[in-house]
2 protein chains.
Amino acid sequence: MTTPPPHPAPTTSDTVGALSLVDPDTPFAVLDTDKATHNIARLADHVSTLGVSLRPHLKTAKSLAVAALIHGDTPGPITVSTLAEAEAFADGGYTDILYAVGIDPHKLPRVIALLQRGITLSVLLDSTEQARAVRDASAAARTPIPALIEVDCDGHRGGVTLQDPTLVEIGRILTESDSLAGVLVHAGESYFATTRAEQHKAADHERDVAVAAAQQLREAGLRVDTVSVGSTPTAHAATDLTGVTEVRAGNYVFFDLVMSGLGVCEVDDLALSVVVTVIGHRPEHGWILTDGGWMAMSRDRGTANQRVDQGYGLVTDLNGNPVPQLLMSGASQEHGILSTRDGSPLPDLPVGTRLRVLPNHACATAAQHHGYHVVDSSRDTTGTPVIQAYWGRVTGW
Amino acid sequence: MTTPPPHPAPTTSDTVGALSLVDPDTPFAVLDTDKATHNIARLADHVSTLGVSLRPHLKTAKSLAVAALIHGDTPGPITVSTLAEAEAFADGGYTDILYAVGIDPHKLPRVIALLQRGITLSVLLDSTEQARAVRDASAAARTPIPALIEVDCDGHRGGVTLQDPTLVEIGRILTESDSLAGVLVHAGESYFATTRAEQHKAADHERDVAVAAAQQLREAGLRVDTVSVGSTPTAHAATDLTGVTEVRAGNYVFFDLVMSGLGVCEVDDLALSVVVTVIGHRPEHGWILTDGGWMAMSRDRGTANQRVDQGYGLVTDLNGNPVPQLLMSGASQEHGILSTRDGSPLPDLPVGTRLRVLPNHACATAAQHHGYHVVDSSRDTTGTPVIQAYWGRVTGW
């Protein structure tokens, strides 16, 4: 979090004072906490009806302040994607952390160091090699490293399959050091499930695989406490999580155009955007040029294979109102190209006009920034959103 | 440059001591200074035969230490893509800086501040609105802001065309505040020029447009000192730059798979790579999983439209030797998927094996990291490259 703030610098680490979105030099990331709070409440309400706990994945926001929007003053269970996040959230008072990327044995000393600070840091694995490394490191440190076994439900990434006897073999190895904590499933296929019915089916399947894996281990005489499932689409679509103990989701706090394209949210729910400035016009090409390129938006083109390709993002005015038909159609490092989807005439947006671009993929766009300029419904006398705070992000590995 | 280093932390800000590429937790970026130095010398030699000066674009490396590989102990002319870079390089002793993104008038106070420190910071523009803003800010500060007029040669981004009388109009406005410094052309089309003949033609065309633009302005009675051209492909392909005063190129220090795909360099010239660790296997899919996803590589798929699609990158061993047929074919945030190009059997690379991935686009991949672990030809007793230093990057805007 020791990263440089944008210009002008916030007046304190957490308060920007009387600045509005017209003040900081562009490009910069904006987080609308009204929208984020709405998104957070929506999933919290839904998950509470399912009788399981929510372990938000903070790989999207990577921010203690955003985590506090979810958990309030009482740090709860979280998921992270790097040990740098685990360490930063541990420093921030979080004591129940799942590091949800298959463990590289070389990283175990940092895991042990966190455990010895009293943090319950769980790791993820899907091979006997990793299980032996965890078992041996646990024994050497006299500290059981809690481990979840990753189980694959749809062939999108890692995990052992239910048909693979390795599942129980891993469970047995972990049990030798009291490290077996449970099983984890992630429905990667759900990011391609474009109807509510498909998302519902993906959620049921994710649950079924997780519960069946836990059962296999239990039938082998092994203890399984945690049965963890989740993705942003399946977390919202699930209606019955019997046998599951916790749900993970990360993107849901910000949402993005990929998620609205799947129908998981509305475009109006998107809490993250990037403020850019018009720096030129090429009317003969139908282009408006901005100072927000892929360095500010990321190279993510996650909607390219969806029904509606949103380019690099949809354009709104500074207040968040969509500019009809306008999208970011091209990007170089520090240049964005805006054009109309239907080739209709460009709106009149002179040099110096500020706009906001809604991203395809919030995780990727947020990662291009050191932090967020935070706004809510407050407006200044010109109707421009007032900046309430600057919240830094955890970066690196 | 106040960004956190990776684990384990370098022992000093500039020296990592006796660590090798097996030591830092993955993923991390590696810079091979032997290769960078070779690439730097190659272009320096070529440009010196053309009788023009080289103004390297530091948007790729964003590092004072890399700039010193080019300029040695005597800071020379440089190009930057953000004011944050301009400020950092000014702090590092550079006094002749071109900020080569169309100027947003809101950023002029930071430009003035640099000028008032004695830095010759030139800005870029292509509209009468920007020219008036520069003229008026120059007058208000009693400090002429040097400005280059961007001229378009191939329709890839900004710039006025030679046919547009706006060119001279802009020149006249800038002259009112003694701000007209010259013209700038960038051959964006050259990144799609796949033969030496096409690159040569692009270089000639870039030169012709720049020289013609300067001539138009001079014929209007305006003074033009700087005639700036450049892109990595055209800088290498140019054979006659009569009328040009300087060449810009940035990517050439590191090179990448896009550039080797264009034939501008060999794969063996690539100076930037990312070290990743094998964390799993899915033989039924033909996959090896690593801990290097798009967060470490970027989402850039710049070779997707080239003759040979390199996925997210080519894989080498830790020593830089290519692993035949292996490429990074998929990416999620912190997971990479490696597979063989021809579907041939996967090499035996157990969990924990470290590999290097050569990127599509060095600018984008470098931007995902706080800095570089620097290696050269030095090897430890196991034959592994020894880390010579850790060099931070300038980030933000």
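Everything numeric in this text was worked out from a predicted model, so none of it was measured.

A few words now on the overall build of chain A. Looking only at helices and strands, chain A features 11 helices and 17 strands. Dimensions of chain A, computed from C-alpha atoms along their principal axes, come out at roughly 70 × 45 × 35 Å. With 397 residues in all, chain A has 63% of them scored as buried. Within chain A, counting contacts between residues at least 6 apart in sequence, those at least 24 apart form 67% of the total.

All names here are of chain B. Looking at chain direction, strand β12 (residues 313–317) and strand β13 (residues 322–331) are connected through three bridges and run antiparallel. Bridge pairing in β13 links Leu 314 to Leu 327. Between the end of β12 and the start of β13, which pair antiparallel, lie four residues, with Gly 320 showing a positive phi angle near 95 degrees. Across five bridges, β13 lies against strand β14 (residues 336–340) in antiparallel orientation. Bridge assignment links Met 328 to a residue of β14, and that residue is Leu 338. With antiparallel pairing between neighbouring strands as the criterion, β13 and β14 make up a hairpin whose turn holds four residues.

Once that is clear, we can look at the pattern of salt bridges. Side-chain pairs of opposite charge can arise whenever the charged atoms involved come near each other. Residues and elements named next belong to chain A. Per the stated rule, a full pass over the model turns up 38 salt bridges over all chains. Notably, a salt bridge pairs Asp 96 with Arg 55, separated by 3.1 Å at the nearest N-O pair. Of this pair, Asp 96 sits in strand β4 (residues 96–102) while Arg 55 sits in the loop between β2 (53–54) and α2 (64–71), and the two are 41 residues apart along the sequence. Taken together, the shared-partner salt bridges in this structure form one network comprising Asp 204, Arg 207, Asp 208 and Asp 240.

What follows concerns the interface of chain B and chain A. Across the boundary between the two partners, chain B contributes 66 residues, which contact 66 residues of chain A. A per-residue breakdown of the area chain B buries against chain A is headed by Arg 157, Arg 282 and Trp 397 of chain B, which together make up 15% of the total. Across the salt bridge formed by Arg 110 of chain A and Asp 25 of chain B, the nearest N and O atoms sit 2.7 Å from each other. Across the contact surface, chain B and chain A share 37 residue pairs in polar contact (both at pLDDT 80 or more). Elements that contribute at least two residues to the side of chain B that touches chain A include exactly β4 (96–102), α5 (128–141), β10 (272–282), β11 (287–290), α10 (294–297) and α11 (362–366) of chain B. By residue number, the principal contributor to the side of chain B that touches chain A is β10 of chain B, which donates four residues. Of the residues assigned to the side of chain B that touches chain A, the class counts are 20 nonpolar, 27 polar and 19 charged.

What describes two packed helices is the angle between their axes and the distance between those same axes. Residues and elements named next belong to chain B. Here α5 crosses helix α6 (residues 166–175) at 10 degrees, and the two axes come no closer than 9 Å. With respect to each other, α5 and α6 are oriented roughly parallel. Of the residues in α6, those touching α5 at Thr 128, Ala 131, Arg 132, Val 134 and Arg 135 are Thr 166, Glu 169, Ile 170, Ile 173 and Leu 174. Looking at the contact of α5 with α6 residue by residue, the class counts come to five nonpolar, two polar and three charged.

Between chain B and chain A, which share one sequence, the superposing operator has a rotation angle of 180 degrees and an axial displacement of 0.0 Å; the RMSD is 0.0 Å. Put plainly, the chains are arranged around a two-fold axis.

This part is about the pairing of strand β8 (residues 226–229) of chain B. Residue and element names in this part refer to chain B. By the alternation rule, side chains of β8 split into Thr 226 and Ser 228 and Val 227 and Val 229, which are all buried. Judged from the four bridges that link them, strand β7 (residues 180–185) and β8 form a sheet pairing that is parallel. Counterpart to Val 183 in the pairing with β8 is Val 227. Viewed along the sheet, the connection from β7 through helix α7 (residues 196–219) into β8 turns out right-handed. With two bridges connecting them, β8 and strand β9 (residues 246–247) associate as parallel partners. Paired with Val 229 across the strands is Val 247, a residue of β9.

A word on the packing of aromatic side chains. Enumeration according to the criterion identifies four aromatic pairs over all chains in this entry. Consider the rings of Phe 254 of chain A and Tyr 372 of chain A, whose centres lie 5.5 Å apart with planes at 75 degrees: the pair is edge-to-face. In this pair, Phe 254 of chain A sits in the loop between β9 (246–247) and α9 (257–261) while Tyr 372 of chain A sits in strand β16 (residues 371–379), placing the two residues 118 residues apart along the sequence. Relative to Tyr 94 of chain B, the ring of Phe 89 of chain B lies with its centre 5.7 Å away and its plane at 90 degrees, an arrangement referred to as edge-to-face. Over the aromatic face of Tyr 312 of chain A sits the side chain of Arg 301 of chain A, whose NZ or CZ is 5.6 Å from the ring centroid.

Looking now at the UniProt feature "domain: D-serine dehydratase-like" (unreviewed entry) in chain A. As recorded in UniProt, the feature "domain: D-serine dehydratase-like" (unreviewed entry) lies at residues 271–376 of chain A. The span residues 271–376 of chain A carries 8% helix and 43% strand; its end-to-end C-alpha distance comes to 10 Å.

Our next topic: unusual backbone geometry. Each neighbour pair has its own omega, and for Thr 26 of chain A with Pro 27 of chain A the value is -5 degrees, a cis peptide bond. Residue placement: Pro 27 of chain A occurs in the segment before β1 (28–32). For Arg 142 of chain A, which is not glycine, the phi dihedral falls at a positive 55 degrees. Residue classification places Arg 142 of chain A among the exposed positions, given a relative accessible area of 78%. A positive phi angle, near 60 degrees, is found at Asp 178 of chain B, a position not held by glycine. With respect to the element layout, Asp 178 of chain B can be found in the loop between α6 and β7. The class for Asp 178 of chain B is exposed, based on a relative accessible area of 61%.

Calculation rules
Here the residue index of a chain counts from 1 through its sequence in written order. Written order determines the labels here, with chains lettered from A and ligands numbered from 1. Per-residue local features of the predicted model are confined to residues with pLDDT of at least 70, and side-chain atom pairs are confined, for both listing and counting, to 80 or more; whole-chain, interface and lining totals are unaffected and use all residues. Only hydrogens and water are removed before side-chain values are computed, so all heavy atoms of the structure are retained for them. Helix numbering and strand numbering both begin at the N terminus, where a helix is a DSSP run of H or I of at least 4 residues and a strand a DSSP run of E of at least 2. Exposure classes here rest on a 1.4 Å probe applied to the protein chains alone. A residue is buried below 20% of its type maximum, exposed above 50%, and partly exposed in between. The criterion used for residue contact is that any of the two residues' heavy atoms lie within 4.5 Å. Paired strands, as defined in this entry, are two strands with at least two bridges between them according to DSSP. Think of a salt bridge as a Lys or Arg side-chain nitrogen and an Asp or Glu carboxyl oxygen that are within 4 Å of each other. Buried surface area refers to the total accessible area, computed with a probe of radius 1.4 Å, that the two partners give up upon joining, counted for both partners together. Contacts described as polar in this section are N or O atom pairs within 3.5 Å, which, within protein, must combine one atom able to donate a hydrogen with one able to accept it, while residues neighboring in sequence count only if both atoms come from side chains. Residues are grouped as follows: Ala, Val, Leu, Ile, Met, Phe, Trp, Tyr, Cys and Pro are nonpolar; Asp, Glu, Lys and Arg are charged; all remaining types, including Gly, are polar. Fitted lines through C-alpha atoms give the axes, limited to the stretch in contact for helices. The angle between two N-to-C directions lies from 0 to 180 degrees. Each angle gets one of four labels, with under 35 degrees taken as roughly parallel, over 145 as roughly antiparallel, 65 to 115 as roughly perpendicular, and the rest as oblique. Superposition of the copies used a least-squares fit over C-alpha atoms from residues whose pLDDT is at least 70 in both. By the criterion used throughout, a crossover qualifies as right-handed when its path from the first strand across the helix to the second strand runs clockwise, the strands pointing away from the viewer. Side-chain rings of Phe, Tyr and Trp (the six-membered ring for Trp) are treated as a pair once their centres are within 6.5 Å; stacked means planes under 30 degrees apart, edge-to-face means over 60, and tilted covers the remaining angles. Both a distance and an angle decide whether a charge sits over a ring: NZ of Lys or CZ of Arg must be within 6 Å of the ring centre and within 35 degrees of the ring normal. UniProt positions are given in the numbering used here, feature names are shortened, and annotations may be inferred rather than shown by experiment.

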